[in-house]
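Survey of secondary and tertiary structure
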Amino acid sequence: MSDVIAKDDLLRLVDQWLAEGKRVLGPVKAGDGVILYAPLAASSQLVLEGFVHAANSIKEAVFPRSETIYTYKFNGHEIELSDVDPDSTQCIVIGARPCDAASLPVLDHLFNWDYKDKFYNARRAATTVVTVACSEYDDNCFCTSVGLGPAAEQGSDAMLLKAPDGWYEVRAVTDKGTALFNGKTTPAPEIKVPISDGPAKKFDTVDIETFLKNNYESDAWRDITMRCLGCGACAYNCPTCHCFDIVDEGDAAGGRRVKNWDSCQFGQFTVHASGHNPRAVQAQRQRQRIQHKFRIYPEKFGAILCTGCGTCTRNCPVSLGVLNTLEAIAAVARGSIEVK
Amino acid sequence: MKDWKGKNLIFIGGGIAMPPIRCAIWYALENRADYGNITIVYGARTVGDLVFVDELDQWAQKERTSVIQCVDPGGETPEWKHEIGLIPHVIERSNIPAENSVALVVGPPIMIRFTLPVLDKMGMAKKDIYTSLENRMKCGIGKCGRCNCGPVYVCKEGPIFSFEQLSQLPSDY
């Protein structure tokens, strides 16, 4: 038994969400024809098809690039601290790819081990994610290599599957998804959208993890990542990268403490007050990124910190990214590339 | 430090490490009867970089306590009467007894890296050598992603590690 919605009705529903004061985030065509996940002003901006993946990720819905965590005021010699309430505006993400949605349950581990991050959790609870199952891929897609696929449901509250004649099959995954489309769909027993196989599997994560365990000091890191510029485009656009900086912005009267996106690819990221830097060269920073995603995070939280979306490679000015790095690692592990 | 009762204590501090290690030295001296011999090794790049020097002289007067001061070669003044040399070298030639001892090493990573093997060579057990990692931190709650040494978040799972624990970790410090 399938439930379907006509595209026009879906767009009307998006406008209804906006009219209700909800924040709606979806793929839009930005300048230069680049597709970006961005807040919508009207459903007419929404682009659901005709592209493989947006140039960024949906993580801004739960982890904004800049967020005030408290404010402070100087009163003579006293300092007055004030809490900032977490933003719990209802947010609907529409048109995300399954690889974007899959990042959310992965990030839940980090923001809830030991200290529970109230800012992340408030946004996460207020966010409903509606994905569109993939029918198109490019050479950079590798979701099937990290245990996901074109209709993987992890992190989705509801999934849309493109049916013929301007219809979408709607599959509710969670109660939030069911509530969102309650009364908006039509039963259509005859429609059952087939799911494609997805991109071919490109590497085995067990092989990668074994290599990472045994080759921390390998010269392969230098050889493989030599061309990395350290720009951080991979990390900023990655749905799972979550490193942040904390800075105070203020003056003699007071100010605010702000959490900002950061990246392990930046040279200043780990530099000590003394000037010593444990990750002094780019190869060490790349090693950290790959180790974090495919060994440290799985060891610590039981989940790979990568959903195979390929956004890192699409944004990389030197065509590196996770996939190319891992394929090179796999080649070194097989012995088909010699480390100099 | 309660677990170290009955042991000889070796405190090794480099540069601006004296303020943090000083608290541990105070504790040992306040509970003097609980511990065996106390050796304090403190070095800095130059004589001018040494801090709390008055206290060093006072500590040297305490019972069963010896203080070794050093500066890097070239950092000495004409009046300097103590050791000249890098901390690992000074320890190597100082005949500090390793038996039944616990060492606490605080200082810059480069000093830690070269000092731990010297203590190991002296015959100390790796589990009895402790150090503090100085990895940069921002959040302190295991989220911001910069203080890790392999799978270990220094802010949550450290910053004090034994040489035994450190030997299991990558050298990201």
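So, how was this worked out
- For every chain, the first residue of its written sequence is number 1, and the numbers climb from 1 along that sequence.
- Working convention: letters from A go to chains and numbers from 1 go to ligands, in the order in which they are written.
- Local features in this predicted model are restricted to residues of pLDDT 70 or higher, and side-chain atom pairs are both shown and tallied only at a pLDDT of 80 or more, whereas totals for entire chains, interfaces and linings draw on every residue.
- Excluding hydrogens and water, the side-chain values take into account all heavy atoms of the structure.
- A run of DSSP states H or I qualifies as a helix once it reaches four residues; a run of E qualifies as a strand once it reaches two. Both are numbered from the N-terminal end.
- Residues are treated as being in contact if the distance between any of their heavy atoms lies within 4.5 Å.
- Per-residue accessibility takes into account occlusion by the displayed protein chains alone, with areas from the Shrake-Rupley method and a 1.4 Å probe.
- Here Asp and Glu are counted as negative and Lys and Arg as positive; His is not counted, and neither are the chain ends.
- The location of each charge is read from NZ of Lys, CZ of Arg, CG of Asp or CD of Glu.
- The source of the domain bounds is an automatic or database domain assignment.
- The criterion for strand pairing is that DSSP finds at least two bridges linking the strands in question.
- Reported buried area values correspond to the accessible surface (1.4 Å probe) lost by two parts on association, with both partners' losses combined.
- Counted as salt bridges are all cases of a side-chain nitrogen of Lys or Arg within 4 Å of a carboxyl oxygen of Asp or Glu.
- For the purposes of these results, a polar contact is taken to be a pair of N or O atoms within 3.5 Å, where, inside protein, one atom must be able to donate a hydrogen and its partner to accept one; residues adjacent in sequence count only when each atom of the pair is a side-chain atom.
- Note on exposure labels: buried denotes an accessible area under 20% of the residue type's maximum, exposed denotes more than 50%, and partly exposed covers the range between, all computed with a 1.4 Å probe on protein chains only.
- If the strands point away from the viewer and the path from the first strand over the helix to the second runs clockwise, then the crossover is right-handed.
- To get an axis, a line is fitted to the C-alpha atoms, and for a helix only the part in contact is used. The angle between two axes follows their N-to-C directions and goes from 0 to 180 degrees.
- An angle counts as roughly parallel when it lies under 35 degrees, as roughly antiparallel when it exceeds 145, as roughly perpendicular when it falls between 65 and 115, and as oblique in every other case.
- Should the near helix be turned anticlockwise from the far one by less than a right angle, the crossing is left-handed, and should it be turned clockwise, the crossing is right-handed.
- Under the scheme applied here, ten amino acids are nonpolar (Ala, Val, Leu, Ile, Met, Phe, Trp, Tyr, Cys and Pro), four are charged (Asp, Glu, Lys and Arg), and all others, including Gly, are polar.
- To count toward a patch, a residue needs a relative accessible area above 30% and no salt bridge. Like charges then connect within 9 Å, nonpolar side chains (Val, Leu, Ile, Met, Phe, Trp, Tyr) within 5 Å.
- Only buried Ala, Val, Leu, Ile, Met, Phe, Trp, Tyr and Cys residues count toward a nonpolar core, and they belong to the same one when joined by side-chain atoms within 4.5 Å.

For chain B, the helix and strand inventory stands at six helices and nine strands. Expressed along its principal axes, the backbone C-alpha trace of chain B runs to roughly 50 × 40 × 30 Å. Considering only intrachain contacts with a sequence separation of at least 6, the fraction spanning at least 24 residues in chain B is 64%. By element, 51% of the accessible surface of chain B is carried by carbon and sulfur atoms, the whole surface being about 8000 Å². The averaged location of the 20 negative side-chain charges in chain B is 7 Å from the averaged location of its 19 positive side-chain charges.

Our next topic: the domain arrangement of chain B. Domain boundaries assigned for chain B yield domain 1 (2–132) and domain 2 (134–159). Between the C-alpha centres of domain 1 of chain B and domain 2 of chain B there is a distance of 26 Å.

Residues and elements named next belong to chain A. Where strand β2 (residues 23–29) and strand β3 (residues 35–39) come together, five bridges link them in antiparallel fashion. Counted as the bridge partner of lysine 29 is isoleucine 35 from β3. Between the antiparallel neighbours β2 and β3 lie five residues, among them aspartate 32 with a positive phi of about 65 degrees.

With that out of the way, let us pick up the interface of chain A and chain B. The interface of chain A with chain B comprises 29 residues on the first partner and 22 residues on the second. Looking at the side of chain A facing chain B, the largest losses of area belong to Trp113, Phe244 and His272 of chain A, adding up to 20% of the total buried there. Among the ionic pairs, aspartate 114 of chain A bridges to lysine 156 of chain B, the shortest N-O distance being 2.6 Å. Connecting chain A to chain B are 20 residue pairs in polar contact (both at pLDDT 80 or more). Here the side of chain A that touches chain B gets six residues from one element, more than from any other, and that element is helix α9 (residues 282–301) of chain A.

What follows deals with the environment of valine 47 of chain B. Residues and elements named next belong to chain B. Topologically, valine 47 is positioned in the loop between β2 (38–44) and α2 (53–60). Separated by 33 residues in sequence, valine 47 and tryptophan 80 place their C-alpha atoms 7.8 Å apart. Setting aside residues up to four positions removed in sequence, valine 47 forms contacts with Val71, Gly75, Glu76, Thr77 and Trp80.

Within a regular strand, side chains alternate between the sheet's two faces. All names here are of chain B. A large share of β2 lies buried, amounting to seven of its seven residues. Burial along β2 is two-sided: Ile38, Ile40, Tyr42 and Ala44 facing one way and Thr39, Val41 and Gly43 facing the other are all buried. With six bridges joining them, strand β1 (residues 8–14) and β2 adopt parallel strand pairing. Note that in β2 the partner of phenylalanine 11 across the bridge is isoleucine 40. Considered for its hand, the β-α-β crossover made up of β1, helix α1 (residues 18–30) and β2 is right-handed.

Below, the discussion takes up the packing of helix α3 (residues 103–112) of chain A against helix α4 (residues 118–125) of chain A. Residue and element names in this part refer to chain A. At a minimum axis distance of 10 Å, the contact between α3 and α4 shows a crossing angle of 150 degrees. Between α3 and α4, the angle is such that the two are roughly antiparallel. Like other packed secondary-structure pairs, α3 and α4 cross with a definite hand, here left-handed. Where α3 approaches α4, its residues Leu104, Pro105, Leu107, Asp108, Phe111 and Asn112 are matched on the opposing element by Tyr120, Asn121 and Arg124. Among the residues forming the contact of α3 with α4, the class breakdown is five nonpolar, two polar and two charged.

On to a nonpolar patch on the surface, then. Where nonpolar side chains cluster on the molecular surface, the patch consists of Phe74, Ile79 and Leu81 of chain A and spans about 310 Å² of accessible area. Locating phenylalanine 74 of chain A in the fold gives a position in strand β4 (residues 66–75).

As a further point, take the sheet that holds β2 of chain B. Residues and elements named next belong to chain B. Spatially, seven strands are ordered β4-β3-β2-β1-β5-β6-β9 in an open sheet, and the strand pairing comes out mixed. Where the open sheet ends on each side, the last strands, each with one partner, are β4 (83–84) and β9 (160–162). In the packing of α1 onto the sheet, contacts are made with β1, β2, β3 (65–71) and β5 (101–106), and the angle to β1 comes to roughly 160 degrees. Relative to β5, helix α4 (residues 109–121) is tilted by about 170 degrees, and along the sheet it contacts β1, β5 and β6 (129–132).

This part covers the packing of helix α6 (residues 205–214) of chain A against helix α11 (residues 321–334) of chain A. Residues and elements named next belong to chain A. Taken N-terminus to C-terminus, the directions of α6 and α11 make an angle of 75 degrees; their axes are 10 Å apart at the nearest point. By the angle between their axes, α6 is roughly perpendicular relative to α11. Residue-level contacts link Ile208, Phe211 and Leu212 of α6 to Leu326, Ile329, Ala330, Val332 and Ala333 of α11. Grouping the amino acids of the contact of α6 with α11 by side-chain chemistry returns eight nonpolar, no polar and no charged.

All names here are of chain A. Taken as a whole and judged by the stated rule, the model has 28 salt bridges over all chains. Here lysine 162 makes a salt bridge to glutamate 49, at a shortest N to O gap of 4.0 Å. Of this pair, lysine 162 sits in strand β8 (residues 158–163) while glutamate 49 sits in the loop between β3 and β4, and the two are 113 residues apart along the sequence. Judged by its relative accessible area of 45%, lysine 162 falls in the partly exposed class. Put simply, lysine 259 and glutamate 67 hold a salt bridge, and the shortest N to O gap is 3.8 Å. Taken together, the positions of lysine 259 in strand β12 (residues 254–261) and glutamate 67 in strand β4 put the pair 192 residues apart, joining distant regions of the chain. In terms of burial, lysine 259 and glutamate 67 fall into one category: buried. Salt bridges linked by common partners bring Arg23, Glu67, Asp87, Asp117, Arg123 and Lys259 together as one network.

A separate point is the nonpolar core. Counting residues in hydrophobic clusters, the biggest one holds 64 residues, and the most contacted among them are Val93 of chain A together with Ile12, Ile91, Val105 and Leu119 of chain B. Each of domain 1 (2–132) and domain 2 (134–159) of chain B gives at least three residues to this core. Contacts of valine 93 of chain A, omitting those with residues within four sequence positions, involve Leu25, Ile58, Ala61, Thr127, Thr128, Val129 and Val130 of chain A. Counting 26 residues, the second-largest nonpolar core is a separate cluster that includes Trp221, Cys306, Val322 and Ala328 of chain A.

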